[in-house]
Amino acid sequence: MKRFLVLVLLILIGNSALAIQEVKKISLKEALEIAVQNNIDYQSSKINENIAQNNIKISNRLQNPELNTFFNIGDIGIGNPQIIGASEKIEIAKRDARKKLAQANLELTKQNLEYIEFDLKMDVREAYVNLVAAKEILIVLEARRKLLNDLLAIAKKRVSAGEVEEIDVIQTEISLNQLVIQVNSQKANVKSAMLAFNKAINANDNTIKYDAEDENFSDKEDFIALLSPKPMDKLPPFEDIIHNSLKNRHDIKIAQKEIEVAKKNLIYVGRQRVPDLELLCGYGFMTKGMSESGSYMHGAYAGANIVNIPLFYSYKPEIQNAKMQYDQAELKYISVENKAINDLQSAYEKFLTAQVNLNYYNDYLLKNSKDMIKEAKKNYATGKSSLTTLIVMEQSYRSIVAGYTYALADYYNYWINFLREVNAENFDFQETL
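Please read all numbers here as calculations on a predicted model, not as lab measurements. Counting restarts for each chain, with residues numbered from 1 along the sequence as it is written. Note on the predicted model: pLDDT of at least 70 is required for a residue's local features to be given, and 80 or more for side-chain atom pairs to be given and counted; whole-chain, interface and lining totals, by contrast, use all residues. Working from all heavy atoms in the structure, the side-chain values ignore hydrogens and water.

Asks: Summarise the overall build of the chain; cite the residues concerned and give the values.
Replies: A tally of regular secondary structure across the chain gives 9 helices and 6 strands. Within the chain, the proportion of its 433 residues that are buried is 38%. Pairs of residues are marked as contacts when any of their non-hydrogen atoms sit within 4.5 Å. Partitioning the intrachain contacts of the chain with sequence separation of at least 6 by distance along the chain shows that 81% fall at a separation of at least 24. Carbon together with sulfur atoms contributes 55% to the accessible area of the chain, which is approximately 25200 Å² in total. Secondary structure is summarised from DSSP: a helix means a run of H or I of at least four residues, a strand means a run of E of at least two, and numbering begins at the N terminus for each. Here's how the labels work: a residue is buried when its accessible area is under 20% of the maximum for its type, exposed when over 50%, partly exposed in between, all with a 1.4 Å probe on protein chains only. Here the open area of atoms and residues is found with the Shrake-Rupley method and a 1.4 Å probe, where only the protein chains shown may cover a residue.

Asks: Would you mind going over the pattern of salt bridges in detail, with residue names and values included?
Replies: Salt bridge, as used here: a side-chain nitrogen of Lys or Arg that lies within 4 Å of a carboxyl oxygen of Asp or Glu. On inspection of all chains with the given rule, the structure shows 18 salt bridges. Where Arg-98 meets Glu-91, a salt bridge forms, and the shortest distance between an N and an O atom there is 3.1 Å. When salt bridges that share partners are traced, they join Lys-25, Lys-135, Asp-211 and Glu-215 into one network.

Asks: Any chance you could break down the sheet that holds strand E2 (residues 66-70) for me, citing the residues and the numbers?
Replies: What the 4 strands build is an open sheet, ordered E2-E3-E5-E6; its pairing is antiparallel. The open sheet has two edge strands with one neighbour each: E2 and strand E6 (297-307). Sheet twist, expressed as the mean angle between neighbouring strand axes with direction ignored, is 20°. Two strands are said to pair when DSSP picks up at least two bridges between them. Strand direction decides the pairing type here: strand E3 (residues 82-90) and strand E5 (residues 276-286), joined by 9 bridges, are antiparallel. Each residue of the ladder has a partner; that of Ile-83, found in E5, is Gly-284. Axis geometry follows a simple rule: fit a line to the C-alpha atoms, using only the stretch in contact for helices, then measure angles between N-to-C directions, giving values from 0 to 180 degrees.

Asks: Mind laying out the confidence of the model for the chain, listing which residues take part and the relevant values?
Replies: Low pLDDT marks regions whose predicted coordinates should not be analysed in detail. As a per-residue measure, pLDDT tells how confident the predictor is, with possible values from 0 to 100. Looking at the chain, pLDDT values average 83 and 84% of them are 70 or higher. Element-level pLDDT for the chain is lowest in helix H1 (residues 2-19), with a mean of 50, against a maximum mean of 95 in helix H7 (residues 250-270). Taken together, the stretch residues 15-19 has pLDDT below 50 and engages in 0 contacts with residues farther than four places along the chain or on a different chain.

Asks: Pulling in residues and values, what's your account of the side chain of Asn-423?
Replies: Note that Asn-423 resides in the segment after helix H9 (387-422). Judged by relative accessible area, Asn-423 falls into the buried class, the value being 7%. Polar contact is defined as a pair of N or O atoms within 3.5 Å, subject to the rule that within protein one atom must be able to donate a hydrogen and the other to accept it, and that residues adjacent in sequence are counted only when both atoms are side-chain atoms. Polar side-chain contacts of Asn-423 include one of 2.2 Å to the backbone oxygen of Arg-420. Here Asn-423 is in contact with Tyr-115, Phe-118, Asn-248, Arg-249, His-250 and Asp-251, once residues within four sequence places are set aside.

Asks: Help me get a handle on helix H3 (residues 40-59), residues and values and all.
Replies: The end-to-end C-alpha distance of H3, which contains 20 residues, comes to 29 Å, matching closely the 28 Å that a straight helix rising 1.5 Å per residue would cover. All of the buried residues in H3 are Tyr-42, Ser-45, Ala-52, Ile-56 and Ser-59. One side of H3 holds all its buried residues, which, seen down the axis, span an arc of 80°. Its side-chain oxygen at 3.1 Å from the backbone nitrogen of Asp-41, Asn-39 defines the N-terminal cap of H3. Expected helix span is computed as 1.5 Å times (number of residues minus one). The arc in question is the one spanned by the directions pointing from the helix axis to the C-beta atoms.

Asks: Talk me through the environment of Glu-30; I want residue IDs and the actual numbers.
Replies: Mapped onto the fold, Glu-30 is located in helix H2 (residues 28-38). Given a relative accessible area of 36%, Glu-30 falls into the partly exposed group. As for Glu-30 and Ala-212, which are separated by 182 residues in sequence, their C-alpha atoms are 9.9 Å apart.

Asks: Which residues make up the packing of aromatic side chains, and what values do they have?
Replies: Each pair of aromatic rings taken from Phe, Tyr and Trp, with Trp reduced to its six-membered ring, is defined by centres within 6.5 Å and is described as stacked if the planes are under 30 degrees apart, edge-to-face if over 60, and tilted in the remaining cases. Summed over the entire model, instances satisfying the criterion amount to 11 aromatic pairs. Within the aromatic cluster, the residues linked to one another by ring pairs are Phe-238, Tyr-348, Phe-351, Tyr-411, Tyr-412, Trp-415 and Phe-418.

Asks: Could you give an account of a nonpolar patch on the surface, naming the residues involved and the relevant values?
Replies: A cluster of nonpolar residues, Ile-306, Ile-309, Leu-311, Phe-312 and Tyr-313, forms a patch on the protein surface that exposes about 650 Å² of accessible area. As for its placement among the helices and strands, Leu-311 is situated in the loop between E6 and helix H8 (316-381). Overall, the relative accessible area of 63% leaves Leu-311 in the exposed class. What makes a patch is a set of residues exposed beyond 30% relative accessible area and free of salt bridges, joined within 9 Å when like-charged and within 5 Å when nonpolar (Val, Leu, Ile, Met, Phe, Trp, Tyr).

Asks: Account for the nonpolar core, with residues named and values stated.
Replies: Throughout, nonpolar core names a set of buried Ala, Val, Leu, Ile, Met, Phe, Trp, Tyr and Cys residues whose side chains join them through atoms within 4.5 Å. Residues Val-124, Phe-197, Ile-201, Tyr-210, Phe-217 and Phe-418 are the most contacted members of the largest nonpolar core, which totals 81 residues. Elements with a minimum of two residues in this core: H2, helix H4 (95-160), helix H5 (167-201), strand E4 (208-212), helix H6 (238-248), H7, H8 and H9. At 21 residues, H4 tops the list of elements feeding residues into this core. Apart from residues no more than four positions distant in its own chain, Tyr-210 is found in contact with Lys-24, Ile-26, Ile-34, Met-194, Phe-197, Asn-198, Ile-201 and Ala-203. Ala-104, Leu-108, Ile-254 and Val-261 belong to the second-largest nonpolar core, a separate cluster that totals 7 residues.

Following this line, the structure appears as structure tokens:
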């Protein structure tokens, strides 16, 4: 019974926590700022930079000294000193190489962090666009339901006047009921898109649920609101884009940094063959009882040892591995660059196609379809056309409107994909890269 009460209490607490969750509408720019400042994964990744900076301090360390004592007990001590001393190992040609390796790893970490931030912003943009698109599809379906309700009223009026048969009312009601299912499904799609948007932001605050400020974008003339170009803007030729884009890509920069790290590591591993120097110093004394002369004797000593002489083990496997890792990093760089060219060209072509499709909707389909449905509705109200003809035209019109919304969403998403491939948050159409 107690367990049951505890379970009920936990459920009530969970439900109350969800109930007080605030829904906050934000713009795309605000979403990007919130994500960069509060995204949990990004904040976790930023810790790697602090770790890498500490690794530089670690690599620059000096070896800790050792304290040594040597005491003779019994007759063996006669004529032999008691010793207290210290020794210090001095690395030769290793510390600087280790520090440069740690510095190269820090630069690689920073480059990875820049890529993570850039990728995060692209994910948020894409999730925002998908959420707005889902909302607009719902608006389209709601508008279609309103139109069918208007048609139902007209049909009932004409049936009452004896102008048409009851079948017109039944046909309209069937279409309306079918639409209710689509509306309910799209409402679920909007909720899912909102959850995906919040997942992309992934802010460490469970009391706020973020929603897109924009309810639709099909009537926007200013595409800057979604940080995208206008459909009529012209991209520079692909040949003009490719050169600087490859230099700016984060994955290529990361591959270059990995080559540098592998090179520094090869140098550091090779330096392990260099022997180290050990310095010793201390104080020795003999008591009267242990001294052959019968008097107290004392003095200092100093010495040096050459240690870590690569005689029995020459670090050959480590050096071979480091060399293979360097070759591997160079091959990876070539592979990343080759794939980047193909990915960039694919994104470029897809965006150009999305532009063509969107402009075709703007120039031809939308205007003509609006005129068509307006005239069809007028003809049915005056008895010049049948309900079947009107419903077919209405379905065609809504299909075109929905298709335009999808085409616009594709346009935004293909633009985001293009930005991913050029690895730039903004792309100036007026300047050739």
